[in-house]
Amino acid sequence: MSEQSPVVSALIEALGPDAVILGEALSQRATSYWDARPTRAQALVRPGSTEDVSRVLKICADWNQPLVTQGGQTCCTLGADPRAEELILSTERMNAIESIDALGGTATVQAGAILQTVQEALAEQDLLFPLDLGARGSCTIGGNTATNAGGINVLRYGMMRNLVLGLEAVLADGTVVSSMNQMLKNNAGYDLKQLFIGTEGTLGVVTRVVLRLFPLPRSRHTALVALDSFEQASQLLRTLQKDLAGSLSAYEVMWGTYYRGVTGEGGHRPPLTRDYPFYALLETEGADPEGDGERFQCVIERVFEDGLIVDAVLPKSEGERRALWDIRENFEMITSCTPCYLYDVSLPISDMETYADQVIRSVKQQWPDGECYVFGHMADGNLHLFVRPGIDGDFHSDSDRLVYEPLKQFNGSVSAEHGIGVEKKPWLGHSRTEVELALMRSLKQTLDPHNLLNPGRVL
Ligand SMILES: Cc1cc2nc3c(=O)[nH]c(=O)nc-3n(C[C@H](O)[C@H](O)[C@H](O)COP(=O)(O)OP(=O)(O)OC[C@H]3O[C@@H](n4cnc5c(N)ncnc54)[C@H](O)[C@@H]3O)c2cc1C
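Note that the structure is predicted; figures quoted are calculated from it, not measured.

(A) Expanded view of the overall build of the protein chain. Each helix and strand in the protein chain was counted, giving 16 helices and 18 strands. Relative to the compact-globule value of 23 Å for 459 residues, the protein chain shows a C-alpha radius of gyration of 23 Å, a close match. Taking the principal axes of the C-alpha coordinates as reference, the protein chain spans close to 70 × 55 × 45 Å. Taking all 459 residues of the protein chain together, the buried fraction comes to 54%. In the protein chain, the share of contacts with a sequence separation of at least 24, taken over all contacts with a separation of at least 6, comes to 71%. Accessible area of the protein chain: about 20,000 Å², with a carbon and sulfur share of 49%. For the protein chain, the distance from the average site of its 39 positive side-chain charges to the average site of its 60 negative ones is 3 Å.

Have a look at this one:
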């Protein structure tokens, strides 16, 4: 599309030249967080308001122009990566926190607001927006909504679906659907916001969201513990859930290979020796700094005496706490050796060890120099796997087969929190029935009959 093309001309006329990025300026942008190659697309449009988004979508409908919506571009499944024939709709100029209601526990936020900016603005008012994930500094509230993001606090607060009270979205024909509910309870008919949560931008563009807030915790206690077996990791989780009375907010398990992969030479400093088979990073949040600290310490001592854990380290400062979380969240030392394939699956906790063993074994059989690193949000039934074949080449589909095929016997899901995007599309039928898929297609056909919104993603 050249600058003179009818769609670009119409967009410039409707939104002004500053809102449309083309040519050289466009190719200076990276394709995504994961892919530094230049962006290739027809143009990128940056609406500043819901009305602008509606204008853009009407123009696209008039010209039958497909488009992809982009937030922070941190998506792990190529869902926001543009195709050459597509227009990009970026929410980057729609980033305001419009209002905060401390009493009602809500914030009204535009879709392009960065998650960390929202968290920090709310913390200044003693409020917590509990969604939290490694991409917090780049991902947006709109992207979090569209992917139904999970992250490290799901155990206590739920996924994005549980944290969105209302939203506004624009349909493929430009119609604005305003469903900006602020109440915890509203059973007046269908809960239409759910059409846009977790549907990865295929049914509409999310423009504004009403978020559910919580009081900012007064205390936070963290520990990294070492375990001799997965059985211990499971028993420890049950014990902590009972003994810490609902204050457990994170329980992340790392297989020994993952811990060794991210610590040591060229990696993070290992706070515990590197030879244990399993590690868990756990965190609690509470309202009584002194009492919570004592209770936490007591529970950790008791599980140590009972032989549930074999070693532990408790951070003494925010810096030390951050360093522990870096082990879990910053894994470039593994992913920078390519090829490396990233997975996000879910299955019952009781089947995790058998499943992981099976995948680790098949990776070794397929690629003797290969490695499979396992870690994740164990308490949510969610594991991440990084498969590195250890040789050059494109082995993505072989790797997918090794990871996804054994899931079927455990009734697991090929996507716990990252969505389907483009990458997992061939495997969607592994986790959904034909009837479910037909219903999804029928919703898509009703809301976007000309297949203009994120075409080819999910379905
Ligand atoms: C280091 C790292 C750690 C991560 N950890 C986690 C984790 O723990 N849990 C987790 O769930 N995810 C995680 N992710 C994945 C990613 O951060 C989330 O999927 C996030 O919610 C995507 O937000 P985004 O703004 O970057 O969206 P994008 O990547 O820009 O888009 C994601 C999808 O949503 C659509 N979309 C974006 N904005 C809108 C909108 N306003 N309206 C409609 N559709 C829209 C896009 O078209 C695309 O399909 C991680 C990613 C990285 C890089």
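Next comes the rest of the write-up.
(B) Broad picture of the sheet that holds strand β14 (residues 278-286). The 7 strands are arranged β15-β12-β14-β13-β17-β18-β16 in an open sheet whose pairing can be described as antiparallel. Every interior strand has two partners, whereas the edge strands, β15 (311-313) and β16 (341-346), have only one. Within this sheet the neighbouring strands show an average axis-to-axis angle of 20°, counted without direction. Here 7 bridges tie strand β13 (residues 248-255) to β14, and the two strands are oriented antiparallel to one another. Paired with Leu 248 across the bridge in β14 is Thr 284. Sitting on the sheet, helix α13 (residues 352-366) touches β13, β14, β16, β17 (371-376) and β18 (382-388), and the angle it makes with β17 is about 160°.

(C) Highlighting the site of the ligand. Close to the ligand lie 36 residues, the nearest being Thr 69, Gly 71, Thr 74, Thr 140 and Asn 454. Here an oxygen atom of the ligand and a backbone polar atom of Gly 150 are 2.9 Å apart. Expressed as a share of its isolated accessible area of 970 Å², the protein-covered part of the ligand is 97%. At the level of elements, β3 (67-70), α5 (141-147) and β10 (205-212) are the ones that each hand at least two residues to the shell around the ligand.

(D) The packing of helix α8 (residues 230-243) against helix α10 (residues 289-305), seen in detail. At a minimum axis distance of 11 Å, the contact between α8 and α10 shows a crossing angle of 150°. Helix-helix and strand crossings are classified by hand; for α8 and α10 the assignment is right-handed. In this structure, α8 contributes Leu 236, Thr 239, Leu 240 and Asp 243 to the contact, and α10 contributes Arg 295, Val 299, Arg 302 and Val 303. Here the contact of α8 with α10 is built from residues that sort into 4 nonpolar, 1 polar and 3 charged.

(E) Structural view of the packing of aromatic side chains. If you walk through the whole model with that rule in mind, you get 15 aromatic pairs. Measuring from ring centre to ring centre gives 5.4 Å for Tyr 343 and Tyr 404, while their planes differ by 85°; the resulting arrangement is edge-to-face. Here Tyr 404 lies in helix α14 (residues 396-404) and Tyr 343 lies in strand β16, a separation of 61 residues in the sequence. Neither Tyr 343 nor Tyr 404 differs from the other in exposure class; each is buried. With centroids separated by 5.1 Å and ring planes inclined at 70°, the aromatic side chains of Phe 375 and Phe 386 adopt a geometry described as edge-to-face.

(F) Quick look at the nonpolar core. Core analysis: the biggest nonpolar cluster contains 51 residues, and Leu 236, Tyr 251, Leu 282, Val 345, Tyr 355, Leu 383 and Leu 385 have the highest contact counts within it. In this view, Tyr 355 contacts Val 345, Leu 347, Leu 383, Leu 385, Val 403, Pro 406, Leu 407 and Phe 410; residues no more than four positions away in its chain are not counted. Among the nonpolar cores identified, the runner-up in size contains 31 residues, and Ala 107, Leu 115, Leu 127 and Leu 447 belong to it.

(G) Here's a closer look at the sheet that holds strand β8 (residues 164-170). Reading across from one edge, β5-β6-β10-β8-β9 is the order of the 5 strands in this open sheet, with antiparallel pairing throughout. Only two strands of the sheet have a single partner each, and these edge strands are β5 (97-101) and β9 (176-179). Taking the axes of each pair of neighbouring strands and ignoring which way they run, one obtains an average angle of 10° across the sheet. Strand direction decides the pairing type here: β8 and β9, joined by 4 bridges, are antiparallel.

(H) Structural context of the pairing of strand β12 (residues 219-227). Of all 9 residues that make up β12, 8 are buried, and the element is covered over most of its length. Relative to β15, β12 runs antiparallel, the two sharing 3 bridges. Residue pairing across strands places Leu 224 opposite Val 313, the latter belonging to β15.

(I) Structural view of the pattern of salt bridges. The final tally for this structure, using the stated rule, is 25 salt bridges. Taking the shortest distance from any N to any O, the salt bridge between Asp 448 and Lys 444 comes out at 2.7 Å. Connected via shared salt-bridge partners are Arg 156, Arg 220, Glu 283, Glu 285, Glu 318 and Arg 321.

(J) Structural context of the side chain of Thr 239. Looking at the element boundaries, Thr 239 is found in helix α8. Judged by relative accessible area, Thr 239 falls into the buried class, the value being 18%. With near-sequence residues (within four places) excluded, Thr 239 lies in contact with Val 303 and Leu 308.

(K) Examining helix α3 (residues 50-63) more closely. A rise of 1.5 Å per residue sets the reference length of α3, with its 14 residues, at 20 Å; its end C-alpha atoms lie 20 Å apart and thus fit the reference within 8%. Every buried residue of α3 is accounted for by Thr 50, Asp 52, Val 53, Ser 54, Val 56, Leu 57, Ile 59 and Cys 60. Just downstream of α3, Asn 64 is the residue with a positive phi angle, here 55°.

(L) Region of the structure containing unusual backbone geometry. Across the junction of Thr 338 and Pro 339, the peptide omega takes the value -5°, indicating a cis bond. One non-glycine residue, Glu 200, lies in the positive phi region at around 55°. Relative to the helices and strands, Glu 200 is located in the loop between β9 and β10. Glu 200 gets classed as buried once you look at its relative accessible area, which sits at 10%.

(M) Quick look at α14. Considered for burial, the residues of α14 that qualify are Ser 399, Asp 400, Leu 402, Val 403 and Tyr 404. Summarising the contacts, the buried residues of α14 are in contact with β16, α13, β18 and α15 (428-431).

Thresholds, definitions, all that
- As a convention, each chain's residues are numbered from 1 in the sequence order in which they are written.
- At least 70 in pLDDT is required for a residue's local features to be given in this predicted model, at least 80 for side-chain atom pairs to be given and counted, and no such filter applies to totals for whole chains, interfaces and linings, which use all residues.
- To obtain the side-chain values, all non-hydrogen atoms of the structure were used and water was disregarded.
- Per the convention used, a helix needs a DSSP run of H or I reaching at least four residues, while a strand needs a run of E reaching at least two, with both numbered from the N terminus.
- Just to be clear, the radius of gyration here is over C-alpha atoms, and the globule rule we use is 2.2 Å times residues to the power 0.38.
- When a residue's accessible area, from a 1.4 Å probe over protein chains only, is under 20% of the maximum for its type it is buried; when over 50% it is exposed; and in between it is partly exposed.
- In this description, contact between two residues means that some pair of their heavy atoms is separated by no more than 4.5 Å.
- Here, Shrake-Rupley sampling with a 1.4 Å probe gives the accessible areas, and only protein chains in the shown set may cover a residue.
- His residues and chain termini do not enter the charge count, which takes Lys and Arg as positive and Asp and Glu as negative.
- The location of each charge is read from NZ of Lys, CZ of Arg, CG of Asp or CD of Glu.
- At least two DSSP bridges between two strands are required for those strands to pair.
- The convention used is that axes are lines fitted to C-alpha atoms, helices contributing only their stretch in contact, and that angles between N-to-C directions extend from 0 to 180 degrees.
- We define proximity as follows: a residue is near a molecule or strand when any one of its heavy atoms falls within 4 Å of that partner.
- Pairing of N or O atoms within 3.5 Å defines a polar contact, subject to two protein rules: one partner must be a possible hydrogen donor and the other a possible acceptor, and residues neighboring in sequence count only if both atoms are side-chain atoms.
- By definition, any crossing whose near helix is turned counterclockwise from its far helix by less than a right angle is left-handed, and any crossing with a clockwise turn is right-handed.
- Think of it as three bins: nonpolar holds Ala, Val, Leu, Ile, Met, Phe, Trp, Tyr, Cys and Pro, charged holds Asp, Glu, Lys and Arg, and polar takes everything else, Gly as well.
- When two rings of Phe, Tyr or Trp (its six-membered ring) have centres within 6.5 Å they constitute a pair, described as stacked for plane angles under 30 degrees, edge-to-face for angles over 60, and tilted for the intermediate range.
- Here, nonpolar core refers to any group of buried Ala, Val, Leu, Ile, Met, Phe, Trp, Tyr and Cys residues whose side-chain atoms link them within 4.5 Å.
- One speaks of a salt bridge when a side-chain nitrogen belonging to Lys or Arg is within 4 Å of a carboxyl oxygen belonging to Asp or Glu.
- Here a helix's expected span is defined as the number of its residues, less one, multiplied by 1.5 Å.

Purely geometric stuff here, so don't read any function into it on its own.
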